[in-house]
Amino acid sequence: DAGITQSPRYKITETGRQVTLMCHQTWSHSYMFWYRQDLGHGLRLIYYSAAADITDKGEVPDGYVVSRSKTENFPLTLESATRSQTSVYFCASSERGGGRPSYGYTFGSGTRLTVV
Amino acid sequence: QKEVEQNSGPLSVPEGAIASLNCTYSDRGSQSFFWYRQYSGKSPELIMFIYSNGDKEDGRFTAQLNKASQYVSLLIRDSQPSDSATYLCAVRRDSGGSNYKLTFGKGTLLTVNP
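Residues numbered from 1 in each chain as written. Chains lettered and ligands numbered in written order. Predicted model: local features only at pLDDT ≥ 70, side-chain atom pairs only at ≥ 80, totals over all residues. Heavy atoms only, no water.

Undergrad: Please provide a residue-by-residue account of the overall build of chain A, values included.
TA: Within chain A, the regular secondary structure consists of zero helices and 11 strands. When the helices and strands of chain A are listed from N to C terminus, the series reads β-β-β-β-β-β-β-β-β-β-β. For chain A, the C-alpha radius of gyration of 14 Å lies close to 13 Å, the compact-globule estimate for 116 residues. With the C-alpha coordinates aligned to their principal axes, the bounding extent of chain A is approximately 45 × 30 × 25 Å. Each of the 116 residues in chain A was classed as buried or not, and the buried ones make up 47%. A fraction of 56% describes how many contacts in chain A between residues 6 or more apart in sequence connect residues 24 or more apart. Accessible surface, chain A: about 5,700 Å² in total, of which carbon and sulfur atoms supply 45%. (Helix = DSSP H or I, 4+ residues; strand = E, 2+ residues; numbered from the N terminus. Rg over C-alpha atoms; globule rule 2.2 N^0.38 Å. Buried < 20%, exposed > 50% of the residue type's maximum accessible area, 1.4 Å probe, protein only. Contact = heavy atoms within 4.5 Å. Areas by Shrake-Rupley, 256 points an atom, 1.4 Å probe, with all protein chains shown as cover.)

Take a look at the structure:
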């Protein structure tokens, strides 16, 4: 199906384990983003990518790693999960126009991660 | 730290009334402004965007922007119970290496009572 998909939808992991959240988009959008959403904090940017092999840190990158070897995929890895990383994670993508883009982001359905 | 401020609510309005949602931002370089709707347990959904000062209307929704006051608002006319959701304001600086990053407010919870 066309669009942006995240997997898994729900994940429970133990403290200290490595976990990878997947994000796949079929639009060939240049930009992709990872946000986490927590009560009291709203949506906070973790990492973003302007194109394949180009990534940069957002507001809260500590403890996370990303890669983007292909335009359509942007996985987020928690190297050693901590309880503070319990959150809902959203992936998003955005097209890039010649000038100012006309649209905001399109979000995936989210992954609810619980670290116990 | 560039900030986007919203009243967390909840904002409660009767069905058929006008709901007014407000947002202020601190970065004067912000150029694009967005309103997202998020139902409980769902992902944010874009409903409006605005670039220029003034009003922009789309159906029952009107976005208003005042860059001098660093203020953006969303009006929902003839509010329906199905409009009950959290509304997220987001701003973007489209130059200076921003890479099209959106900065979000924490959202305003709107409840429309039948």
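Undergrad: So what about the nonpolar core? Which residues, and what values?
TA: Counting 23 residues, the largest nonpolar core has Trp 35, Val 72, Leu 74, Ile 76 and Tyr 87 of chain B as the members making the most contacts within it. Those elements giving two or more residues to this core turn out to be β3 (19-25), β4 (32-38), β5 (45-50), β7 (61-66), β8 (71-76), β9 (85-92) and β11 (108-113) of chain B. Residues Leu 45, Phe 90 and Tyr 105 of chain A together with Phe 104 of chain B belong to the second largest nonpolar core, which totals 21 residues. (Core = buried A, V, L, I, M, F, W, Y, C linked by side-chain atoms within 4.5 Å.)

Undergrad: Run through the sheet that holds strand β1 (residues 4-6) of chain B, naming residues and quoting values.
TA: Residue and element names in this part refer to chain B. Reading across from one edge, β1-β3-β8-β7-β6 is the order of the five strands in this open sheet, with antiparallel pairing throughout. Only two strands of the sheet have a single partner each, and these edge strands are β1 and β6 (54-58). Put simply, the sheet's adjacent strands are angled 20 degrees from each other on average, direction ignored. Alignment of β7 against β8, held across six bridges, turns out to be antiparallel. When the bridges of β8 are listed, Leu 65 appears paired with Val 72. (Pairing = 2+ DSSP bridges. Axes fitted to C-alpha atoms, helices over the stretch in contact; angles between N-to-C directions.)

Undergrad: Could you give me a rundown of the layout of surface pockets, with the residues and numbers involved?
TA: Computed from the structure, the second largest pocket encloses a volume of approximately 530 Å³. Lining the second largest pocket we find 22 residues, and of these Gln 37, Leu 39 and Val 88 of chain A together with Gln 38 and Gly 41 of chain B sit closest to its centre. Contributions of two or more residues to the lining of the second largest pocket are made by β4 (31-38), β9 (87-94) and β11 (111-115) of chain A together with β9 of chain B. Tallied by class, the residues present in the lining of the second largest pocket amount to six nonpolar, 11 polar and five charged. (1 Å grid on protein atoms, 1.4 Å probe; cavity = no way out; pocket = protein on both sides within 12 Å on 5 of 7 lines; lining within 4 Å. Points joined across faces, edges and corners; volume = space filled by probe spheres on them. Nonpolar A, V, L, I, M, F, W, Y, C, P; charged D, E, K, R; others polar.)

Undergrad: Summarise the side chain of Ser 73 of chain B; cite the residues concerned and give the values.
TA: All names here are of chain B. Inspection of the secondary structure assignment puts Ser 73 in strand β8. In terms of polar contacts, Ser 73 uses its side chain to reach the side chain of Gln 64, at 2.8 Å. Among residues more than four places away in sequence, those in contact with Ser 73 are Leu 21, Asn 22, Trp 35, Thr 62, Ala 63 and Gln 64. (Polar contact = N/O pair within 3.5 Å; in protein donor to acceptor, adjacent residues only side chain to side chain.)

Undergrad: Just give me the short version of the sheet that holds strand β8 (residues 76-78) of chain A, but keep the residues and values in it.
TA: All names here are of chain A. In space, the four strands of this open sheet follow the order β1-β3-β8-β7, with antiparallel pairing throughout. With partners counted over all chains shown, the strands left at the sheet margins are β1 (4-7) and β7 (64-66), one partner each. Looking at each pair of strands side by side, their axes are set apart by 15 degrees on average, direction ignored. Where β1 lies against strand β3 (residues 19-25), four bridges are found, and the strand directions are antiparallel. Within β3, the position partnered with Thr 5 by the bridge is His 24.

Undergrad: Before we move on, can you summarise the interface of chain B and chain A with the specific residues and values?
TA: Contact residues are listed per partner, giving 21 residues for chain B and 24 residues for chain A. There are six residue pairs in polar contact (both at pLDDT 80 or more) connecting chain B and chain A. For the side of chain B that touches chain A, the secondary structure elements donating two or more residues are β4, β5, β9 and β10 (102-104) of chain B. Looking at which element gives the most residues to the side of chain B that touches chain A, the answer is β4 of chain B, with four residues. Residues that form the side of chain B that touches chain A fall into these classes: 10 nonpolar, six polar and five charged.

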